[in-house]
Amino acid sequence: MAQAPATPKWRRAALSIAAGLNNTGMINRLSPVPSEQAAIDLRTALQGRVPPLRKQVVFLIPLVGPDQVGDWGAVTDRLRATLHCLRAQNDPHWQVIVCCQVKPELPEDRRIHFLPFDDPEPGNDKWRKLSALYKQLMRLDTGPCYVMSFDADDLLRQGVVKEMLRRQAPGGYLVQSGLVMDDSTGIIALADQRTLKEPMRKPFWKLCGSCAALAHDPDLPQSGAFLEAMTQHEHRMFPYLARLAGRALAPLSFPAVLYVLNHGENFGARRGRVSFKTRFVERFKIEDRDELATIAEGFPLPEDAAESDMPSPAS
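The structure presented is a predicted model; accordingly, all values stated were derived computationally and were not measured.

**A few points about the packing of helix H3 (residues 34-46) against helix H7 (residues 221-230)**
When two helices pack together, their arrangement is given by the angle between the helix axes and the distance between those axes.
Okay, step 1: Running from amino to carboxyl end, H3 crosses H7 at an angle of 155°, the nearest separation of the two axes being 8 Å. In this view, H3 runs roughly antiparallel relative to H7, as classed from their interaxial angle. The chirality of how H3 crosses H7 is left-handed. Residues Pro34, Ser35, Ala38, Ala39, Asp41, Leu42 and Ala45 of H3 lie in contact with H7, whose contacting residues are Gln222, Ser223, Ala225, Phe226, Ala229 and Met230.

**Let's talk about the sheet that holds strand E6 (residues 172-174)**
Okay, step 1: With respect to topology, 7 strands assemble into an open sheet ordered E3-E2-E1-E4-E9-E6-E10, the strand pairing being mixed. Single-partner strands in this sheet number two, and they are strand E3 (112-116) and strand E10 (250-251).
Okay, step 2: Here E6 runs beside E10; their pairing, made up of 2 bridges, is parallel. Paired with Leu174 across the two strands is Pro251, which belongs to E10.
Okay, step 3: Where helix H4 (residues 72-87) meets the sheet, it contacts strand E1 (57-62), strand E2 (94-100) and E3, and its direction lies at approximately 165° from that of E2.
Okay, step 4: With respect to the sheet, H7 is in contact with strand E4 (145-149) and strand E9 (212-216), its orientation differing from that of E9 by roughly 160°.

**Brief notes about the packing of helix H1 (residues 9-20) against H3**
Okay, step 1: Where H1 contacts H3, the axes come no closer than 11 Å and their chain directions differ by 20°. Comparing the axis directions of H1 and H3 gives the class roughly parallel. Seen from above, H1 lies across H3 with right-handed handedness. Judged by residue contacts, Arg11, Leu15, Ala19 and Gly20 of H1 engage Glu36, Ile40 and Arg43 from H3.
Okay, step 2: Its residues placed into classes, the contact of H1 with H3 shows 3 nonpolar, 1 polar and 3 charged.

**Overview of the packing of aromatic side chains**
The geometry of an aromatic ring pair comes down to the distance between the two centres and the angle between the two planes.
Okay, step 1: In total, this model carries 3 aromatic pairs according to the counting rule given.
Okay, step 2: Geometrically, the ring pair formed by Phe59 and Phe150 is edge-to-face, given 5.9 Å between the ring centres and 85° between the ring planes. One end of the pair, Phe59, is in strand E1; the other, Phe150, is in the loop between E4 and strand E5 (155-156), and 91 residues separate them in sequence.
Okay, step 3: For Phe150, a relative accessible area of 3% corresponds to the buried category.
Okay, step 4: An angle of 65° between the planes, with centres 5.1 Å apart, marks the rings of Tyr146 and Tyr173 as edge-to-face. Here Tyr146, found in strand E4, pairs with Tyr173, found in strand E6; they are 27 residues apart in sequence, far enough to count as distant.
Okay, step 5: The class of Tyr146 is buried, set by a relative accessible area of 0%.

**Some thoughts on the nonpolar core**
Okay, step 1: Among the nonpolar cores identified, the biggest contains 88 residues, and Phe59, Val96, Tyr146, Met164, Phe204 and Phe226 are the most heavily contacted of them.
Okay, step 2: A per-element tally of this core places E2 first, with 6 residues.
Okay, step 3: With residues near it in sequence (within four places) discarded, Phe226 still touches Ser35, Ala38, Ala39, Leu42, Leu214, Leu241, Ala242 and Ala245.
Okay, step 4: Formed by 12 residues, the second largest nonpolar core is a distinct cluster that contains Leu179, Leu258, Val260 and Ile295.

**Quick notes on the sheet that holds strand E8 (residues 187-191)**
Okay, step 1: Read from one edge of the open sheet, 4 strands run E5-E11-E7-E8, paired in mixed fashion. Whereas interior strands pair on both sides, the edge strands pair on one side only; in this sheet they are E5 and E8.
Okay, step 2: Bridging between E5 and strand E11 (residues 257-261) involves 2 bridges; their strand directions are antiparallel. Bridge pairing links Leu156 to Val257 in E11.

About the criteria used
Residues numbered from 1 in each chain as written. Predicted model: local features only at pLDDT ≥ 70, side-chain atom pairs only at ≥ 80, totals over all residues. Heavy atoms only, no water. Axes fitted to C-alpha atoms, helices over the stretch in contact; angles between N-to-C directions. Helix = DSSP H or I, 4+ residues; strand = E, 2+ residues; numbered from the N terminus. Parallel < 35°, antiparallel > 145°, perpendicular 65-115°, else oblique. Left-handed = near helix turned anticlockwise from the far one by under 90°. Contact = heavy atoms within 4.5 Å. Pairing = 2+ DSSP bridges. Nonpolar A, V, L, I, M, F, W, Y, C, P; charged D, E, K, R; others polar. Phe/Tyr/Trp six-rings, centres within 6.5 Å; stacked < 30°, edge-to-face > 60°. Buried < 20%, exposed > 50% of the residue type's maximum accessible area, 1.4 Å probe, protein only. Core = buried A, V, L, I, M, F, W, Y, C linked by side-chain atoms within 4.5 Å.

Right, here's the structure in full:
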């Protein structure tokens, strides 16, 4: 299963207009791809429905298999850092499912689950793992929740789960403001909306896939089907598809995720797509020491992090 290609922007605009007008004929003429059709189906199912209270956040992590990396120990160390940031959240109402061919060492925590993956098809299996994770999600009794696909080497900032559940955004959340760290230099940059003063800055969701937490209603079959179809695309499609589904995403109020580049096992590096992000980090690096200290406090790491290759925002 390959990643689904992005829809051209002109077609996105046309389909958004057609869906807003509920013009079935125009929608059909535009021939929606599966993710767009799933979005329109969910939009229809949501009409007149009062958003339920979301009581937890579910994170879905597709973990690369050991046969696809050079250093499995480094990969599992980074997963451990990712899970540690979740366990340090000041709101405990979350769960995480990790999907991989081999079960890594996981903390003893009833909120952390493992989903075995045994699909023998060769090649990049990230999107097949995401599909398996969403199918598993639909089997679970989660109740209404927010669902976020999350890369195994990214870090969630303290307070994100609490903000999501406090605000109860009807459609979910978008990481518009986030942090990007070059592990080879320790430099950290802010990714955020571009401004007149900084027209080349990019929002976080254009750089990293750990960027969207969508409202999920397990009572609606269309909800799970949409989430699975959406995440078969690259992350730049997420805000558009969420709007098309009637799930417009609200920006989180602070830099919520830390994306680590150049640590040796990046997925993007295997696709040759990291160099421009390295230049982005250098251009928009944060140099204020107090700000860097605040960032480090927001991403707590295991006590033995100094003995491993885990990313440390404090370095």
